[in-house]
Amino acid sequence: MFQLHERLAADTHKLGESRLCNVLLMNDNTWPWVILVPRVSGIREIYELPIEQQQRLLFESSALSEGMMELFRGDKMNVAALGNMVPQLHLHHIVRYQGDPAWPGPVWGKQPPVPYTDDQLVNVKAKLQSLLKQLA
């Protein structure tokens, strides 16, 4: 049975579910940052998924990336599946801007997370709702 890794649960807000994944918002308002976590137990790498799920994950990741870039008008979309700290397969989707606090380097470890306020969280969730419907 699928269970979300405790680190992901602690660091994110659940936005909803796509056909394959839990869709999570990283609790850091510095960057628009959404994570896809396939609801498949025991998977650490994309190649471990059956081919149909690999294709579905690519579709969802691409649709999410395109939609986030349109919504947030970024300069670059960073997509990564690192798994060094959290072994459960998950894909980060981070909208980047020239001149953001970590540009042009990676966002990890650059600064402490800046948690969303309640109002900011409501606003970003509302902004993402139409995009999430496309992933269902």
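In this report, we go over the structure that sits alongside the text. (Residues numbered from 1 in each chain as written. Predicted model: local features only at pLDDT ≥ 70, side-chain atom pairs only at ≥ 80, totals over all residues. Heavy atoms only, no water.)

This part covers the overall build of the protein chain. The number of helices and strands found in the protein chain is three helices and five strands. In terms of C-alpha radius of gyration, the protein chain reaches 14 Å, essentially the compact-globule figure of 14 Å for 136 residues. With the principal axes as the frame, the protein chain shows a C-alpha extent of 40 × 30 × 25 Å. Long-range pairs, those at least 24 residues apart, make up 56% of the contacts in the protein chain between residues at least 6 apart in sequence. For the protein chain, the accessible surface area stands at approximately 7700 Å², while carbon and sulfur atoms represent 53% of it. Treating the 13 positive side-chain charges of the protein chain as one cloud and the 14 negative ones as another, the clouds have centres 2 Å apart. (Helix = DSSP H or I, 4+ residues; strand = E, 2+ residues; numbered from the N terminus. Rg over C-alpha atoms; globule rule 2.2 N^0.38 Å. Contact = heavy atoms within 4.5 Å. Areas by Shrake-Rupley, 256 points an atom, 1.4 Å probe, with all protein chains shown as cover. Lys, Arg positive; Asp, Glu negative; His and termini not counted. Charge placed at Lys NZ, Arg CZ, Asp CG, Glu CD.)

Next up on the list: the pattern of salt bridges. The tally for this structure, following the rule as stated, stands at four salt bridges. The shortest N-O distance in the salt bridge between Glu17 and Lys14 comes to 3.0 Å. The class of Glu17 is partly exposed, set by a relative accessible area of 46%. With a closest N to O distance of 2.7 Å, Glu60 and Arg56 form a salt bridge. Residue Glu60 and its partner Arg56 are located together in helix α2 (residues 51-72), separated by four residues, close to a single helical turn. (Salt bridge = Lys/Arg side-chain N within 4 Å of Asp/Glu carboxyl O. Buried < 20%, exposed > 50% of the residue type's maximum accessible area, 1.4 Å probe, protein only.)

Strand order in the open sheet formed by five strands is β1-β2-β3-β5-β4, and the pairing between neighbours is antiparallel. Strands at the two margins of the open sheet, each flanked by one partner only, are β1 (12-17) and β4 (76-80). Along the sheet, successive strands turn relative to each other by an average axial angle of 25°, direction set aside. As paired strands, β4 and strand β5 (residues 91-96) are joined by five bridges and run antiparallel to one another. From the neighbouring strand, Asn78 faces β5, where its bridge partner is Ile94. Helix α3 (residues 118-135) contacts β1, β2 (21-26) and β3 (33-38) of the sheet and is inclined by roughly 25° relative to β1. (Pairing = 2+ DSSP bridges. Axes fitted to C-alpha atoms, helices over the stretch in contact; angles between N-to-C directions.)

Next up on the list: the pairing of β3. Among the six residues of β3, six are classified as buried, and the element is accordingly described as predominantly covered. Neither face of β3 is left uncovered, since the one carrying Trp33, Ile35 and Val37 and the one carrying Val34, Leu36 and Pro38 both have all their residues buried. Direction of pairing for β2 relative to β3: antiparallel, over a ladder of five bridges. Opposite Leu25, over in β3, you have Val34 as the bridge partner.

Before going further, it helps to examine the side chain of Asp28. Structurally, the position occupied by Asp28 is in the loop between β2 and β3. In this structure Asp28 is buried but unpaired, with Arg96 as the nearest side chain of opposite charge at 10 Å.

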